[in-house]
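Read off the chains here:
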Amino acid sequence: MKKEKRLICLSIVISMILAIPFFRVNAMHIMEGFLPPVWCVSWGALCIPFVVSGFFSIKRKVTGSSKRLLLLAMCGAFAFVLSALKLPSVTGSSSHPTGIGLGAILFGPAAMSVIGVIVLLFQAILLAHGGITTLGANVFSMAIVGPFAAFGTYYLLKKLKVNNAVCVFFAAFFGDMLTYIVTSGQLALAFPDAGGGVMTSFVKFLGVFAVTQLPLAISEGFLTVIVFESIRKYSSRELEVLKAL
Amino acid sequence: MKLWKTSFILLFLVILISAVPLIIFENAAFSGADGQAENVITEISPAYQPWTSSFFKPASPEIESFLFSLQAAIGAGILGFGFGRLSDKKKEGEKNDSN
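Residues numbered from 1 in each chain as written. Chains lettered and ligands numbered in written order. Predicted model: local features only at pLDDT ≥ 70, side-chain atom pairs only at ≥ 80, totals over all residues.

Participant: What's the story with the interface of chain B and chain A in this structure? I'm lost.
Facilitator: Buried accessible area, meaning the area lost when the parts come together, often serves as the stated size of an interface. Across the boundary between the two partners, chain B contributes 51 residues, which contact 54 residues of chain A. At the level of secondary structure, the elements contributing two or more residues to the side of chain B that touches chain A comprise helix 1 (3-24), strand 1 (31-32), helix 2 (33-44) and helix 3 (61-98) of chain B. The greatest single-element share of the side of chain B that touches chain A, amounting to 17 residues, is contributed by helix 3 of chain B. For the side of chain B that touches chain A, the residue count by class is 30 nonpolar, 14 polar and seven charged. As defined by bridge partners, strand 2 (residues 93-95) of chain A adjoins strand 1 of chain B across two bridges and the pair is classed as parallel. (Contact = placed C-beta atoms within 7 Å. Helix = DSSP H or I, 4+ residues; strand = E, 2+ residues; numbered from the N terminus. Nonpolar A, V, L, I, M, F, W, Y, C, P; charged D, E, K, R; others polar. Pairing = 2+ DSSP bridges.)

What follows is the structure, encoded as structure tokens:
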């Protein structure tokens, strides 16, 4: 326990030292080479504490139960499937869902940051989709902000006594949308518009990512509900242990 | 409602959502949103040159789609195995409870 806290603190310090000098803003994954090096480093550094605490979170939640380990593997597999599905959208272009909402609900956002790194690495190395240098930025949007948004939405709606399937739907929906809104923000910060600054280019990138993502986020919501309800049918006891019900 | 019925309806909706754009925008290219973001970047700062590129690129669109389907297949396989195990373990659990 003590070692864990020390490691997490250390990772936060390293993250801050590396990231802060670069945050002087002059005011679907980011492609390899399309994010200036300073941004690659600072986004990557910001991710470190989350991923480190994610490792411990997973260890804590999975030890002693092969069934929970199985559930974690299934959450990872779900993210694998969904992020491989490039779907057509209303903008006449295509994009893919993220699939991180399910795991965020079951295992919490920190655990999902580790799963997200694995999915993004696979796509960056084998598929030339995303990138190694842009991994940090993409992890931040898809594996940190996305899961936190999903997790937050789920528990907020649960508090309001909303029907469980509806909670799951909106959690997955906002997890997906927020991921791409953050991606737009990251690109806007790196490429401020000459005339209108960061906000103008933010709107431009939103036009590409957020609008395309809207129907996909709805699809992701439905798919997450299907899988969540099926998991609940077979292992409601585990979900109670994980405090996901 | 039975689980399989809800699942079926939701799955149908998902297919509908992805099919509708294909029907409405017959002539659209449906290129990736990341590629379109590249265009926005070049529009905002025309001087920007990507400073690095992927060290491995799938040799052709066919191979790329193969790798993507491989990814989906791995995920779907694990998911299917998981559901099989879960339903099996549930039965075992019920047996133990009744004993």
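Let us keep going from here.
Participant: Sorry, what's going on with the confidence of the model for chain A here?
Facilitator: The predicted coordinates should not be examined in detail at positions where pLDDT is low. Taken residue by residue, chain A gives an average pLDDT of 90. The fraction at 70 or more is 96%. Per-residue pLDDT stays below 50 along residues 23-27 of chain A; that stretch engages in seven contacts with residues further than four places along the chain or on separate chains. (pLDDT = per-residue confidence, 0-100.)

Participant: Is there a simple way to explain the environment of Ala210 of chain A in this structure?
Facilitator: Residue and element names in this part refer to chain A. For Ala210, the position within the fold is in helix 8 (residues 197-241). Judged by local crowding, Ala210 falls into the partly exposed class, with 19 C-beta atoms found within 10 Å. Apart from residues lying up to four places away in sequence, Ala210 is in contact with Met177, Tyr180, Ile181 and Ser184. (Buried ≥ 20, exposed ≤ 12 C-beta atoms within 10 Å, placed from the backbone.)

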